[in-house]
Every structure is written in structure tokens, then in C-alpha cells.
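Spelled out, the chains give:
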Amino acid sequence: DFPESKDVLNWQKKVDDLNIRLLFSPTITPKSTSYEIKPGDTLNKIAKQFKTTADLISKSNNISGSTIVPGRKIKVWNAPFSIFVDKSQNVLTLKSDDEIIKTYVVSTGKNNSTPVGTFKITTKLPNPTWFKAGAVVPSGSPENVLGTRWMGFNLASYGIHGTTAPEFLGQQVTEGCVRMSNAEVEELYIIIPLGTEVTIVD
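Given the structure is predicted, the values throughout are model-derived calculations rather than measurements.

Asks: Just to check I follow, could you spell out the nonpolar core for this structure?
Replies: Most often, soluble globular proteins keep nonpolar side chains buried together rather than apart. Formed by 29 residues in total, the largest nonpolar core has its most connected members in Phe81, Ile83, Leu92, Leu94, Ile160, Leu188 and Ile192. Contributing elements (two or more residues each) for this core: α1 (6-23), β3 (81-86), β4 (91-96), β5 (99-105), β7 (117-126), β10 (149-153), α4 (182-191) and β14 (197-201). If one sorts the elements of this core by residue count, α4 sits on top with 5 residues. What Leu188 contacts, discounting residues up to four positions off in sequence, is Ile83, Leu92, Leu94, Tyr104, Met151 and Met180. Counting 12 residues, the second largest nonpolar core, distinct from the first, contains Leu43, Ala54, Ile63 and Ile74.

Asks: Looking at this structure, I do not really get the sheet that holds β10. What am I missing?
Replies: One key point about sheets: their strands pair by backbone hydrogen bonds, in either a parallel or an antiparallel sense. Here 8 strands make up an open sheet; going across it, the order is β5-β4-β3-β14-β7-β10-β11-β13 and the pairing mixed. A single partner strand is all that each edge strand has here, and the edge strands are β5 and β13 (178-179). Bridge analysis of β3 against β4 gives 6 bridges, and the strand direction is antiparallel. Within the sheet, the bridge partner assigned to Val85 lies in β4 and is Leu92. Where α4 meets the sheet, it contacts β3, β4, β5, β7, β10 and β11 (159-161), and its direction lies at approximately 55° from that of β10.

Asks: Please clarify how unusual backbone geometry should be interpreted in this entry.
Replies: The general pattern is negative phi for most residues beyond glycine and trans for most peptide bonds. Phi is positive for Asn90, which is not a glycine, with a value near 55°. With respect to the helices and strands, Asn90 occurs in the loop between β3 and β4. Backbone geometry places Asn112, a non-glycine residue, at a positive phi of 60°. The topology assignment puts Asn112 in the loop between β6 (108-109) and β7.

Asks: Would you explain helix α2 (residues 43-50) in this entry?
Replies: In an α-helix, one full turn covers 3.6 residues, which means residues spaced three or four apart are oriented alike. Among the residues of α2, Leu43, Ile46, Ala47 and Phe50 are the ones counted as buried. End-on view of α2: buried residues confined to an arc of 100°, all on one side of the axis. In this structure, α2 carries Asn44 and Lys48 as exposed residues pointing more than 90 degrees from its buried face. Structurally, α2 contributes buried residues whose contacts are with β1 (32-36), α3 (54-60) and β2 (73-77). The positive-phi residue at the C-terminal boundary of α2 is Lys51, with phi of around 55°.

Asks: Is there a simple way to explain the pattern of salt bridges in this structure?
Replies: Between side chains of opposite charge, a pair can form as their charged atoms come close. Going through the model one piece at a time under the given rule, you end up with 7 salt bridges. Asp97 serves as the salt-bridge partner of Lys31, at 4.0 Å between the closest nitrogen and oxygen. Here Asp97 lies in the loop between β4 and β5 and Lys31 lies in the loop between α1 and β1, a separation of 66 residues in the sequence. Here Glu175 and Lys110 are joined by a salt bridge, their closest N and O atoms 2.9 Å apart. Pair noted here: Glu175 is in the loop between β12 (172-174) and β13 and Lys110 is in the loop between β6 and β7, with a separation of 65 residues, a long-range link. Each of Lys31, Asp97 and Glu99 takes part in a single network of salt bridges with overlapping partners.

Asks: For this particular structure, what's the right way to read the packing of aromatic side chains?
Replies: Between two aromatic rings, the relevant description is the distance of the centres plus the angle of the planes. Tallied over the full model, the rule gives 3 aromatic pairs. Arranged with centres 5.6 Å apart and planes meeting at 15°, the rings of Trp77 and Phe81 form a pair that is stacked. Neither residue differs from the other here; Trp77 and Phe81 are each classed as buried. The residue whose ring lies beneath Lys95 is Phe84, and the NZ or CZ to ring-centre distance is 5.4 Å.

Asks: Honestly, the environment of Ala47 in this entry has me stumped. Any pointers?
Replies: With respect to the helices, strands and loops of the structure, Ala47 is situated in helix α2. According to the relative accessible area criterion, Ala47 is buried, its value standing at 4%. Through-space distance from the C-alpha of Ala47 to that of Trp77 is 9.0 Å; in sequence the pair is 30 residues apart. The residues contacting Ala47, other than those within four sequence positions of it, are Thr52, Thr53, Ala54 and Ile57.

Rules behind the numbers
Residues numbered from 1 in each chain as written. Predicted model: local features only at pLDDT ≥ 70, side-chain atom pairs only at ≥ 80, totals over all residues. Heavy atoms only, no water. Core = buried A, V, L, I, M, F, W, Y, C linked by side-chain atoms within 4.5 Å. Buried < 20%, exposed > 50% of the residue type's maximum accessible area, 1.4 Å probe, protein only. Helix = DSSP H or I, 4+ residues; strand = E, 2+ residues; numbered from the N terminus. Contact = heavy atoms within 4.5 Å. Pairing = 2+ DSSP bridges. Axes fitted to C-alpha atoms, helices over the stretch in contact; angles between N-to-C directions. Arc of directions from axis to C-beta. Salt bridge = Lys/Arg side-chain N within 4 Å of Asp/Glu carboxyl O. Phe/Tyr/Trp six-rings, centres within 6.5 Å; stacked < 30°, edge-to-face > 60°. Lys NZ or Arg CZ within 6 Å of the ring centre and 35° of its normal.

Following this line, the structure appears as C-alpha cells:
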């Protein structure tokens, strides 16, 4: 009855936080499975088999480094993720099998420059270098607007990335990309594999 109520927003945040805690924990859920590591397995091999990410397997099983031990049982997420971006609200929604996992406040393109349609994540880069007209801006530079992560679409020059100006989140200010806070884009980067579908609507 009162969708704009602070109580609704507070409960939504609590649900979001709980979903992420469950996702990043060893607890088996209906969208995950228990997998016994076999000789010759690597994190990347297991991730590819289940269409997930090695980062998510590591995070949810408290694995540091790349060494894994045959015979150990680990949690592996095996439900597909998808992303939905609403430009009018400047909100990105992470879903798994149509169930909302978390919503994020983002920035989208000024003058309606963020493309509308369905795309796929085809590149993922940590600490990306920004190649802008006539200059190469290295990772970590305060002038590198890409922030700490880049997830590129199958549409050249467009993607989801971090920011050096979090104060503008929630506004239409970018050159066309979807911009998130660095902490949240790092979280999303762990979760979504290459091939993840991204739907953007006006």
C-alpha cells in the first residue's frame, strides 16, 4: 500500500543483504548444489561446468588461492543469473531464475545515451585501463572513470563499471555505460559469469 515508505526500503535492504550473505556462504540453497572435488579439477574448470565464476566458488567456500583438494565437498551455485537495468529509476536488479537477489542504485547515460535492449557480458576486467580519445588513463588514476571493475557488453564501448564519482549515483550522467559504486561493482563482478544476459529498459 505504501511503496515509498522508508519501512519498505529498509526491509528491501535487509532482504538484499540476507540474499548476498547466503550467496557468499557455504550454506546449500535450492539454487546451489554440493559438489565433490575430483582429481584434476580446478576452480575454473568447475566454474565452467556449472556456468558460474571461480570467484563465487572461492568466496562461498572460504577458499583462498587456487589450490583445491580432491574429496572436499563445496557449494556451487548452479542457477543462471541475469541483470535488469531500469533507466528511469537508475536501478540495476540482479536476478537468479527470475528471483530478485539484490537491487543496486546506478547511474545511466545522459541524454538517454544508454542503449536499450538485451545484451550479454562478454568481457570482465579488474582494475581496467580507460582508453579515452587521445589518452590512456591507467587503473587507480583519479581521472579513470571506470573505477575498479569493467564488465563489457557485446556492444562495443558499453558495459557496467565502477566510478570515481559516487556522489552522482542515481542520476543520468554517464556517456552511456551503467555506473556503480566500486564496492558494489566488485560484489557483482564476483557473482556474474561471462555470458550473463543484461536487459536494459527506458
